[in-house]
Structures are given as structure tokens and as C-alpha cells.
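# Observations on the three-dimensional arrangement
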Amino acid sequence: MKTWFTKEFMKASAVLLIVFVAGAGIGYVGGHKYAAYKFHNDYMSRVFKSRIEATTPSPPMMRSRRAERAGSERSAARRRSRGERRFMRRLERDLNLNTSQRENVDRALERHYARIRDIRSQMRPQINSIMQEIRKDVRSFLDNEQKTSFDEMVRKFEERRKRRWRKHRKHHPGDPAGQSKKQ
């Protein structure tokens, strides 16, 4: 009696299984790659569309207004933090703001962000005091070797913070948040 479960059948089954698994894997990876490609293209087309609309030539009379507005937008953008600029770009992109809406939103955000910067500058000394207390308390629980490592860690943190602050001050010279900053 001959059985159908032979060596040749096992080889053919293994090849078929390998081809099936490989096809499924390629389909899965390809689908994800295609979805990422499609998402990237859709996103980039929206970005370039907004840039093209922003740079479309305008009649000669409006050119000076547009240049004037671009200059004021640039100076306003320099005063803003990265988070503020990101939020404004998101509003422009997602809400498709027209020129007057953009200007009104820009003025409102600038007014409110100025208030936030003032509050932060007033709170900075209190926050620094609390940070000193935290460091003192943490240090009290450490042995001598850990204290040395902790002091080094704090020193590096402070250096990074000061470098970031100098960079921020270089790009935002009129920011009132930096006026009371002394350590």
C-alpha cells in the first residue's frame, strides 16, 4: 500500500509554505512602505501647495503690501519660541486661514504669549529656589561617591541649560523672560 505522505510531497509542501510565507511577508512590508510613501506624498503636496500659494506672483500694487507683511511676519516669528511658531504653522495649515484671519490670530497669540513669558519670568526665581532645595535633599541621601557623580551630573545639566539659554537670547534679544535671569 502506497502512502501519499512521501519525501517528494514533504519537499513540495515545504517549498509551497516558504513561497507563501515569503509572499505574505513581502506583501505586509510592501503595504506598510506604500502607506508611508502615500502619507509622505500627501503631506508634502499640502506643504508645497501652501508654499506655492504663498509665493504666487501678485499684482504690482499688492507686492509692496505683501513684502511689508512678510517683513512683519519675519520679525514677529523671530520673537516667538519654537513652540509658538509650530502652533501658528499648525493653525495656518489645518484651518486654512486667510490673510486677515492670520493677522488677527497672530496678534492675539502674540498678546497672550507675551503674558505667558511675563508669568514665566516672574516664576523663574521661585522655580530656581525649589530646584536648589531638590538638589540639596537628593544630595543628602547619597554617599560620597554618589555625591561626586551627582555634582558632575548637575554641573553638566547647568552647562547645557546655559548654552540653550545663550542660544535663545541670541535669537530672542527682546524676550522679557531673560531679564530677571541671573544665577
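In this text the structure is predicted, and so the values were computed from the model without any measurement.

The next subject is the overall build of the chain. Per the secondary structure count, the chain includes five helices and zero strands. The order of helices and strands in the chain, counted from the N terminus, is α-α-α-α-α. Taking the intrachain contacts of the chain between residues at least 6 apart in sequence as the baseline, contacts between residues at least 24 apart amount to 46%. Summing over all exposed atoms, the chain offers an accessible surface of approximately 15,400 Å²; the carbon and sulfur share of this is 60%.

Scanning all chains against the criterion turns up 10 salt bridges. Where arginine 117 meets glutamate 84, a salt bridge forms, and the shortest distance between an N and an O atom there is 3.3 Å. Of this pair, arginine 117 sits in helix α4 (residues 99-140) while glutamate 84 sits in helix α3 (residues 82-95); the two residues are 33 residues apart in sequence, bridging distant segments of the chain. In this structure, arginine 117 and glutamate 84 share a single accessibility class: buried. With its nearest N and O atoms 2.7 Å apart, the salt bridge here joins arginine 139 to aspartate 151. Of this pair, arginine 139 sits in helix α4 while aspartate 151 sits in helix α5 (residues 144-171), placing them 12 residues apart in sequence. Here aspartate 151 falls in the partly exposed class, since its relative accessible area comes to 33%. Beyond isolated ion pairs, a larger network of salt bridges with shared partners links Glu84, Glu110 and Arg117.

Moving on, we come to unusual backbone geometry. Even without glycine at this site, asparagine 96 takes up a positive phi of about 50 degrees. For asparagine 96, the location among the structural elements is in the loop between α3 and α4. Using a relative accessible area of 61% as the deciding quantity, one classes asparagine 96 as exposed.

As a further point, take the nonpolar core. If you look at the biggest cluster of nonpolar residues, it comprises five residues: Met88, Leu91, Leu97, Leu109 and Tyr113. For this core, the secondary structure elements donating two or more residues are α3 and α4. Excluding anything up to four places from it in sequence, leucine 97 contacts Leu91, Glu92, Arg102 and Val105.

Another aspect to go through is the packing of α3 against α4. Axis separation between α3 and α4 bottoms out at 11 Å; the angle between their running directions is 155 degrees. Considering their axes alone, α3 and α4 lie roughly antiparallel with respect to each other. Once α3 is placed against α4, the crossing between them reads as right-handed. Together, Glu84, Phe87, Met88, Leu91 and Glu92 of α3 and Arg102, Val105, Asp106, Leu109, Tyr113 and Arg117 of α4 make up the contact between the two elements. Grouping the amino acids of the contact of α3 with α4 by side-chain chemistry returns six nonpolar, no polar and five charged.

Taken together, Ile119, Met123, Ile127, Ile130, Met131, Ile134 and Val138 make up a surface patch of nonpolar side chains, about 560 Å² in accessible area. Mapping isoleucine 134 onto the fold places it in helix α4.

The rules we used
- Residue indices begin from 1 for each chain and proceed along its sequence in written order.
- At least 70 in pLDDT is required for a residue's local features to be given in this predicted model, at least 80 for side-chain atom pairs to be given and counted, and no such filter applies to totals for whole chains, interfaces and linings, which use all residues.
- Computation of side-chain values covers all heavy atoms of the structure but excludes hydrogens and water.
- Here a strand is any run of E in DSSP of at least two residues, a helix any run of H or I of at least four, and the numbering for each starts at the N terminus.
- Any two residues whose heavy atoms approach within 4.5 Å at even a single point are treated as in contact.
- With residues, only the protein chains shown are counted as cover, and all accessible areas are computed by Shrake-Rupley using a 1.4 Å probe.
- Every case where a carboxyl oxygen of Asp or Glu lies within 4 Å of a side-chain nitrogen of Lys or Arg is listed as a salt bridge.
- Each residue is placed in one exposure class: buried if its accessible area under a 1.4 Å probe, protein chains only, is under 20% of its type's maximum, exposed if it is over 50%, and partly exposed if it falls in between.
- What we call a nonpolar core is a set of buried Ala, Val, Leu, Ile, Met, Phe, Trp, Tyr and Cys residues that are connected through their side-chain atoms within 4.5 Å.
- Axis angles are defined between N-to-C directions and span 0 to 180 degrees, where every axis is a line fitted to C-alpha atoms and, for a helix, only to the segment in contact.
- For this classification, under 35 degrees means roughly parallel, over 145 means roughly antiparallel, 65 to 115 means roughly perpendicular, and everything else is oblique.
- Definitions for this section: a left-handed crossing has its near helix turned counterclockwise from the far helix by less than a right angle. A right-handed crossing has that turn clockwise.
- Here the term charged refers only to Asp, Glu, Lys and Arg, the term nonpolar to Ala, Val, Leu, Ile, Met, Phe, Trp, Tyr, Cys and Pro, and the term polar to all other amino acids, Gly among them.
- Two distance rules govern patches: like charges are joined within 9 Å, and nonpolar side chains (Val, Leu, Ile, Met, Phe, Trp, Tyr) within 5 Å, applied only to residues with over 30% relative accessible area and no salt bridge.

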